[in-house]
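# Remarks on the overall topology
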Amino acid sequence: MKLKITITGPKVNDVGYRYFLLGIAMSNRIRMFEAHNMRSSEGQAVLAFADGDEEAIKAFCTQVETERPARSEVSNIVFDDFQGEVMRIGEYAQFCATIQLNKAIPVLLDMRDDLRAVRKNTDLIPQIKANTDAIPQIKANTDSIPQVLGEIKGLRDDIQPGYANNLRQVQADVRAIKERLGMQ
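### Observations regarding the nonpolar core
Counting 25 residues, the largest nonpolar core has I5, I7, L21, F33, F60 and V64 as the members making the most contacts within it. Counting only elements with at least two residues in this core, the list comes to strand 1 (2–9), helix 1 (17–27), strand 2 (32–40), strand 3 (43–51), helix 2 (54–66) and helix 3 (89–122).

Encoded structure:
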């Protein structure tokens, strides 16, 4: 028995509905199944196809009517007979994996780039730690500056009175030498 199922509503795409239906089909031992997200005049839609024995298809339909993915919002479910080809369920599972990888790869690449940026920033941590570890030593060195300045000022004060006396003495000696030489 082949069946086409159309599920419409404001939120039936990007809520895991295709995987949800795949799980129901597998649990009912349906060997031919596929589902696709679509847009319809009513908004979002999931179009599913199943092919299996009549008992399995009826059990599948009962679950589809009574169970929903957690975040879905369904307005209508329609079951119609179908005459076309239906994909093998294993091939459909591989198809789904490919679709999900195509969605995941850009996200993973963004995460990799973000991780590289974080790693680059964390590479600076040892350098920052070394700089901050030096702060107490720098502070200790700068704490002694007033003491050194006081010592320099004390030396200058010690030198200045003697310097003035020495300067007077030197000037007096220069005058005496000039007088002897007659250079005045």
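### Notes on unusual backbone geometry
Phi is positive for D14, close to 60°, though the residue is something other than glycine. Located in the positive-phi region is R29, a residue other than glycine, with phi close to 60°. In this fold, R29 is placed in the loop between helix 1 and strand 2. A relative accessible area of 60% means that R29 is categorised as exposed.

### Looking at helix 1
Buried residues of helix 1: Y17, R18, L21, L22, I24 and A25, and no others. Taken end-on, helix 1 shows its buried residues confined to a sector of 165°, consistent with a single buried face. Where helix 1 is buried, its residues contact strand 1, strand 2, strand 3, helix 2 and helix 3.

### Brief notes about the packing of aromatic side chains
For the structure on display, the rule yields five aromatic pairs. Judged by centre distance (4.6 Å) and plane angle (45°), the rings of F49 and F82 are tilted. Of this pair, F49 sits in strand 3 while F82 sits in the loop between strand 4 (76–81) and helix 3, placing them 33 residues apart in sequence. Accessibility classification places F49 together with F82 in one group, the buried group. A centroid spacing of 6.0 Å and a plane angle of 35° characterise the contact between Y92 and F95, whose relative ring orientation is tilted. One end of the pair, Y92, and the other, F95, are both in helix 3, three residues apart, so they sit about a helical turn from each other. Its relative accessible area of 31% is what places F95 among the partly exposed residues.

### Observations regarding the pattern of salt bridges
Under the definition given, this model contains three salt bridges. Its salt-bridge partner being D14, residue K103 comes within 3.6 Å of it at the nearest N-O pair. Taken together, the residues K103 in helix 3 and D14 in the loop between strand 1 and helix 1 connect sequence positions 89 residues apart. Overall, K103 belongs to the partly exposed group, its relative accessible area being 40%.

### Overview of the pairing of strand 2
As paired strands, strand 2 and strand 3 are joined by nine bridges and run antiparallel to one another. By the bridge assignment, M32 is partnered in strand 3 with D51. Between the end of strand 2 and the start of strand 3, which pair antiparallel, lie two residues.

Calculation notes
Residues numbered from 1 in each chain as written. Predicted model: local features only at pLDDT ≥ 70, side-chain atom pairs only at ≥ 80, totals over all residues. Heavy atoms only, no water. Core = buried A, V, L, I, M, F, W, Y, C linked by side-chain atoms within 4.5 Å. Buried < 20%, exposed > 50% of the residue type's maximum accessible area, 1.4 Å probe, protein only. Helix = DSSP H or I, 4+ residues; strand = E, 2+ residues; numbered from the N terminus. Arc of directions from axis to C-beta. Contact = heavy atoms within 4.5 Å. Phe/Tyr/Trp six-rings, centres within 6.5 Å; stacked < 30°, edge-to-face > 60°. Salt bridge = Lys/Arg side-chain N within 4 Å of Asp/Glu carboxyl O. Pairing = 2+ DSSP bridges.

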